[in-house]
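Overview (structure and organization)
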Amino acid sequence: MLEVEGLHAHYGRAHILQGVTLSAAQGEVVALLGRNGAGKSTTMKAIMGLVRPTGGRVRFQGQDVTGREPFEIARQGLGYVPEERRIFTELTVMENLDVGRQPPRAGLAPWTPERVFALFPSLGAMRARPGGRMSGGEQQMLTIARTLMGNPRLILLDEPSEGLAPVIVERMAAAILELKREGITVLLSEQNLHFARLVSDRACVLEKGAIRWEGTLAALMEAEEVRAQYLSV
Amino acid sequence: MFENLLVQGLSGLASASSLFLVASGLTVIFGVTRIVNFAHGSLYMLGAYLAWTLVTNLPRGHFGFWGGVLAAALIVGVVGVLIEVLLLRRIYKAPELFQLLATFGVVLIVQDLALMIWGPQDLLGPRAPGLRGATEILGVRFPLYELFLIFVGPVVLGLLWLLFHRTRWGTRVRAATADREMVGALGVNQRLLFTTVFFLGACLAGLGGALQLPRESVNLQMDLAIIAEAFVVVVIGGLGSLPGAFLAALLIGQMQAFGILIFPKITLVLAFLVMAVVLILRPYGLLGRPPASAHAAQVVEPPYPPPSPAFRALGLATVAVALLLPPFLGDFALIVFTEIAIMVLFAASLHFIMGPGGMASFGHAAYFGLGAYGAALLVKHVAAPMEIGLLAAPFAAGLAGVVFGWFCVRLSGVYAAMLTLAFAQIAWSAAFQWVELTGGDNGILGVWPSDWARNKLAYYYLALLLCLGATLLLRRAIMAPFGYALRAGRDSPLRAEAIGMDGFRIRWVAFILAAVAAGIAGGLFAYAKGSVFPTYMAIPRSVDALLMVLLGGVQTLSGPIVGALAYTWIHEQLMRLFELWRLLLGAVILLLVLFFPQGLAGAAQRAAEKRA
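In this report, the structure presented in the accompanying data block is examined. Within each chain, residues carry numbers counting from 1 in the order of the written sequence. To read the labels, note that chains go from A and ligands from 1, taken in the order they are written. Reporting in this predicted model follows two pLDDT cut-offs: at least 70 for local features of residues, and 80 or more for side-chain atom pairs to be given and counted; totals over whole chains, interfaces and linings ignore these cut-offs and use all residues. Water and hydrogen atoms play no part in the side-chain values, which are based on all heavy atoms of the structure.

1. Observations regarding the sheet that holds strand S9 (residues 202-207) of chain A
Residues and elements named next belong to chain A.
- A sheet is described by the order of its strands in space; here six strands give the open sequence S6-S7-S8-S3-S9-S10, paired in mixed fashion. Unpaired on one side and paired on the other, strand S6 (78-81) and strand S10 (210-216) mark the two borders of the sheet. Strand after strand, the sheet turns through a mean of 15 degrees between neighbouring axes, direction not considered.
- Paired strands, as defined in this entry, are two strands with at least two bridges between them according to DSSP. Counting from the N terminus, the helices are the DSSP runs of H or I reaching at least four residues and the strands are the DSSP runs of E reaching at least two. Pairing of S6 with strand S7 (residues 154-158) involves four bridges; the strand directions are parallel. Counterpart to Leu-78 in the pairing with S7 is Leu-154.
- Where helix H10 (residues 224-231) meets the sheet, its contacts fall on strand S3 (29-33), S9 and S10, and the angle it forms with S9 comes to roughly 40 degrees. Axes here refer to lines fitted to C-alpha atoms; in helices the fit is confined to the stretch in contact. Angles between the N-to-C directions go from 0 to 180 degrees. Residue contacts are defined here by distance: any two heavy atoms, one from each residue, within 4.5 Å place the two residues in contact.

Given below as structure tokens:
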């Protein structure tokens, strides 16, 4: 479904991504793990076209999307949920969802506000509330819901558990598993290994802009030296 | 008395409607694209001219008039789309001043095109069918058309509100106003969105202009007159806020209507004073919000590289030419050389706050002009000799720098540019309207040098000495600890403050120094020309300074010198050889912005780096 090959990206003169290679198969949940500054968010932005890659390839459903405009990539069926949530604070919940809406995609049951509210019931109770007057957890749900309205085949989820209360984190995990059951592919970045274990099939460990280790979550739990070298703080 | 007040109040409301039409387009465009569209006044003017052509050629009657007005608005919308697609789309990521400058280039081009098409004379349109007469309100006769205009403003506000809150397009536009990038990542084609927004904004400006047809004559000065007011309205209301623009338009409309009764001398100043006060109390306007990513997009500038031997030699050669050639030149060439020396200092003074200071100024002519007036007023009122006048020039400009700078250095980006523009307009309107003191539009004549400097060659050397000296002093300041502190504050304001630097004070001092230097240039200019006019402080003169700095390159030390030399020469040639010099100057500006964003010196430096 998604193949990233030797992806490079720069911020000014800083070389942030130094050849990231990873892939995600249809229906898989892949966790991108690594410390702060390892390049997790930049990887996602480069896939999405928000940061222009300076080298390498991104293929989505067999098509080369490297360096395309973000809106074109989104219309291919790639959804992006940013780390900072970036809710439109002046817009109501319904309006936020409306901005994300895209035409239905063949083979996927189209998302409607009602289906989204079934996944995140608390959002359904505040349809007319402006995004700026919601709690962090509610905003996190809304940002995922907004992306779902575009009927994505794959979602890039940037640190979905960051800064959330434990109860909400569990709710997030349940939602991600629900998406997986729907057949949606998920690439999520995480620092929280516990959360990643709850939802992911596979892990890619990123450090200094390159993938250093790859394997199942079970194998990662075995490989103590990998965790010590790349993940422990 | 009561009747008088009522009529003034109603006229104020009618003016507010027209102002709102223009300001609403400006604010909607800014909200989404973050571009302050200087050319918005030109679109307004085009709307008026097009409506004149259409209405006078279409059959008389309701269809001819209203059809012509609407068609004019739509055509202007299409012109707006052309501007967006051909120009603005390429510079959305450029610094704000470049965008302002690019749209000013469009202003110049439209001015000459309108002159070519419609000629220099004022055009009078027909009155609106069905609204020719007057009606009686509380015993006062009031023109029907004015009454109609009073209703247009709120109706347009209502329609825009529905458009933005009840349509999917409107929801997307509001979302893009908050976070353009995110809207793109959600699959919305931003380009199309921006283009449609520009179409709407341009239509509103065109409609505003077209509706003026029955009220006033159509002329070539409409563009800058309305844009200055529309800027004030938009800034007071809060950039990007429609209800804010409406409130501010009402405020300014009433202020001007009653200002004429109470302070007929300072009506022009009044609007800008209100704007300055609002920006001090609420830096982002009445209903505005601080920009979302205020310090996220900071680019840290690399330090100034030491000049290469070749470059140093070129610099010395230039100075040698400036010193040795003039005795062999005629009077005309000496006048040009004197002007170039003055412009080098003027550009260097603006560069001082823009480059190392990282501040934007769209009103630097204020200090140049105040320097000129500082000298000329002494000549006019106390018959002071040149020596005293030249001492007074930097003093007057510096004093303005102290006062204006105290406000301006608190803001950044577009807001700082707007505020500097507002102060320059205050200075300009004072010179223009305070006829007893300044002679108004007729200026002050007879500002001649003392006997020993009356000879063109002697005056040239005097100007060269002062300008070169002041420019080198500014350059020395950039390399002194003060300059380091200034640059530190530019690149990372928070860190600079955290290690104990008083950023506000450093920027303020820099602003004052720049004003003083511009004042020296202005004083020398006054004696070189023998006269002083309000145009010394007008918007085009501020743009001259910006062009010189940007032409040379903001982040190079030699930039302002190269820029002043190149610009004065280009300007001289264009004005001498072509009647339509504005058109060509506008085109030069667009080329500069599109192809040499680092300026000439910057491009040369890059080329040298590549070779190395």
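What follows continues from the structure just given.
2. Some remarks on the nonpolar core
- Side-chain atoms within 4.5 Å are what join buried Ala, Val, Leu, Ile, Met, Phe, Trp, Tyr and Cys residues into a set we call a nonpolar core. With a 1.4 Å probe rolled over the protein chains alone, any residue whose accessible area is under 20% of its type maximum counts as buried; one over 50% counts as exposed, and the rest are partly exposed. Counting 243 residues, the largest nonpolar core has Leu-2, Ile-47 and Leu-156 of chain A together with Phe-38, Phe-231, Phe-362 and Tyr-367 of chain B as its most contacted members.
- It is helix H13 (residues 331-354) of chain B that contributes the most residues to this core, 15 residues altogether.
- The two domains that each donate at least three residues to this core are domain 1 (2-229) and domain 2 (329-537) of chain B.
- Discounting chain neighbours no more than four positions away, the residues touching Phe-362 of chain B are Phe-38, Leu-97, Leu-100, Ala-417, Thr-420, Leu-421, Ser-542, Val-543 and Leu-546 of chain B. Where a domain begins and ends is set by an automatic assignment or by a domain database.

3. Focus: empty space enclosed by the protein
All names here are of chain B.
- Buriedness for pockets is judged along seven lines, at least five of which must meet protein on both sides within 12 Å for an open set on the 1 Å grid over protein atoms alone, while cavities are sets there where a 1.4 Å probe fits but cannot get out, and lining residues have an atom within 4 Å of a point. Grid points are joined across faces, edges and corners, and a volume is the space filled by probe spheres set on the points. Using the criterion set out here, one finds seven cavities of 30 Å³ or more in the structure.
- Of the pockets and cavities examined, the largest cavity occupies roughly 90 Å³.
- Forming the walls of the largest cavity are Ala-348, His-351, Phe-352, Thr-471, Leu-474, Arg-475, Ile-478, Leu-557, Pro-560 and Ile-561.
- Every element with two or more residues in the lining of the largest cavity is listed here: H13, helix H18 (456-479) and helix H23 (559-577).
- Per-element tally for the lining of the largest cavity: the top contributor is H18, with four residues.
- Here the nonpolar group is Ala, Val, Leu, Ile, Met, Phe, Trp, Tyr, Cys and Pro; Asp, Glu, Lys and Arg are the charged ones; every other residue, Gly included, is treated as polar. Within the lining of the largest cavity, the residues separate by chemical class into seven nonpolar, two polar and one charged.

4. Digging into the packing of aromatic side chains
Residue and element names in this part refer to chain B.
- A pair of aromatic rings is counted whenever rings of Phe, Tyr or Trp (Trp by its six-membered ring) have centres within 6.5 Å, and the orientation is called stacked for planes under 30 degrees apart, edge-to-face for over 60 and tilted otherwise. By the definition in use, this model includes 24 aromatic pairs over all chains.
- Relative to Phe-423, the ring of Phe-407 has its centre 5.6 Å away and its plane inclined at 25 degrees; by these criteria the two rings are stacked. Note that Phe-407 is positioned in helix H15 (residues 386-408) and Phe-423 in helix H16 (residues 413-433), a separation of 16 residues in sequence.
- Classification of Phe-423 by relative accessible area gives buried; the value is 4%.
- Ring geometry for Phe-533 and Tyr-536: centres 6.4 Å apart, planes at 80 degrees, overall edge-to-face.

5. Considerations on the interface of chain A and chain B
- On the side of chain B, 19 residues touch chain A, which itself brings 21 residues to the contact.
- Accessible area that two parts lose when put together, evaluated with a 1.4 Å probe and summed over both, is termed the buried area. Across the chain A/chain B interface, buried area totals approximately 1,900 Å², and carbon plus sulfur atoms make up 54% of it.
- Area buried by chain A at its contact with chain B is led by Arg-86, Phe-88 and Val-99 of chain A, which between them contribute 28% of it.
- By definition, a salt bridge exists where a carboxyl oxygen of Asp or Glu is found within 4 Å of a side-chain nitrogen of Lys or Arg. Residues Asp-98 of chain A and Arg-168 of chain B are paired through a salt bridge, measuring 3.4 Å at the closest nitrogen-oxygen approach.
- The definition of a polar contact used here is a pair of N or O atoms within 3.5 Å, where within protein one atom must be able to donate a hydrogen and the other to accept one, and adjacent residues in sequence count solely through side-chain atom pairs. The interface formed by chain A and chain B contains nine residue pairs in polar contact (both at pLDDT 80 or more).
- Among the secondary structure elements, those contributing two or more residues to the side of chain A that touches chain B are helix H2 (70-75), helix H3 (93-100) and helix H6 (136-148) of chain A.
- Counted by class, the side of chain A that touches chain B contains 10 nonpolar, three polar and eight charged residues.

6. Focus: the pattern of salt bridges
- All chains considered together, the criterion is met by 23 salt bridges over all chains.
- For Arg-202 of chain A, the salt bridge identified is with Glu-28 of chain A, shortest N-O distance 2.6 Å. Here the residue Arg-202 of chain A occupies a position in strand S9, and Glu-28 of chain A occupies one in the loop between strand S2 (14-24) and S3, the gap between them amounting to 174 residues. Just as Arg-202 of chain A is buried, Glu-28 of chain A falls in that class too.
- Here Glu-69 of chain A makes a salt bridge to Arg-191 of chain B, at a shortest N to O gap of 3.3 Å. Here the residue Glu-69 of chain A occupies a position in the loop between strand S5 (63-64) and H2, and Arg-191 of chain B occupies one in helix H8 (residues 190-210), the pair thus bridging two chains.

7. Quick notes on a nonpolar patch on the surface
Residues and elements named next belong to chain B.
- A cluster of nonpolar side chains, Met-1, Leu-5, Leu-261, Ile-262, Phe-263 and Ile-266, forms an exposed patch at the surface whose accessible area comes to about 580 Å².
- When you line up the elements, Phe-263 lands in the loop between helix H10 (242-262) and helix H11 (267-281).
- Judged by relative accessible area, Phe-263 falls into the partly exposed class, the value being 44%. Patches draw on residues past 30% relative accessible area with no salt bridge. Two like charges within 9 Å are joined, as are two nonpolar side chains (Val, Leu, Ile, Met, Phe, Trp, Tyr) within 5 Å. Method for areas: the Shrake-Rupley scheme with a 1.4 Å probe, in which residue coverage is limited to the protein chains shown.

8. Remarks on the pairing of strand S1 (residues 2-11) of chain A
Residue and element names in this part refer to chain A.
- When S1 meets S2, the two strands line up antiparallel, connected through eight bridges. The partner of Glu-3 across the bridge, within S2, is Ser-23.
- In textbook terms, the turn of a hairpin is the stretch between consecutive antiparallel strands, and for S1 and S2 this stretch comprises two residues, one of which, Gly-12, has a positive phi near 60 degrees.
- By the bridge criterion, five bridges tie S1 to strand S4 (residues 55-60) in an arrangement that is antiparallel. By the bridge assignment for S4, Glu-5 is matched with Arg-57.

9. Here we look at the environment of Val-28 of chain B
All names here are of chain B.
- Residue position: Val-28 is located in helix H1 (residues 2-33).
- A relative accessible area of 7% places Val-28 in the buried class.
- Sequence separation between Val-28 and Leu-591 is 563 residues, and the spatial gap between their C-alpha atoms is 27 Å.
- If near-sequence neighbours (up to four positions away) are discounted, Val-28 is found in contact with Phe-164, Val-197 and Leu-242.

10. As for unusual backbone geometry
- Located in the positive-phi region is Glu-159 of chain A, a residue other than glycine, with phi close to 45 degrees.
- Topologically, Glu-159 of chain A is positioned in the loop between S7 and helix H7 (166-181).
- Judged by its relative accessible area of 5%, Glu-159 of chain A is buried.
- At Leu-138 of chain B, a residue that is not glycine, the phi angle is positive and equals roughly 50 degrees.
- Turning to its location among the elements, Leu-138 of chain B is positioned in the loop between strand S1 (134-137) and strand S2 (140-143).

11. Observations concerning the sheet that holds S4 of chain A
Residue and element names in this part refer to chain A.
- On the basis of which strands lie adjacent, the open sheet formed by four strands has the order S2-S1-S4-S5 and antiparallel pairing. Here the strands that pair on one side only, and so sit at the sheet edges, are S2 and S5.
- Helix H1 (residues 40-48) contacts S1, S2 and S4 of the sheet and is inclined by roughly 110 degrees relative to S1.

12. Some points on the packing of helix H6 (residues 168-178) of chain B against H8 of chain B
Residue and element names in this part refer to chain B.
- Direction vectors running N to C along H6 and H8 enclose 105 degrees, while the axes themselves pass 11 Å from each other. Compared by their axis directions, H6 and H8 come out roughly perpendicular. On the side of H6, the interface is formed by Trp-169, Arg-172, Val-173 and Ala-176, while H8 contributes Leu-193, Thr-196, Val-197 and Leu-200.
- A class-by-class count of the residues in the contact of H6 with H8 yields six nonpolar, one polar and one charged. The labels follow the angle: roughly parallel below 35 degrees, roughly antiparallel above 145, roughly perpendicular from 65 to 115, and oblique for the rest.

13. Details of the pairing of S7 of chain A
Residue and element names in this part refer to chain A.
- Within S7, five of the five residues are buried, which leaves it mostly tucked inside the rest of the structure.
- Alternating residues of S7 divide into Leu-154, Leu-156 and Asp-158 and Ile-155 and Leu-157, and every residue in both groups is buried.
- Inspection of the sheet shows S7 paired to strand S8 (residues 185-190) by five bridges, in the parallel sense. Residue Leu-157 lies in a different strand from S8, and its bridge partner there is Leu-188.
- Crossover connection from S7 via H7 to parallel S8: handedness right-handed. By convention, orient the strands away from the viewer: a clockwise path from the first strand over the helix to the second makes the crossover right-handed.

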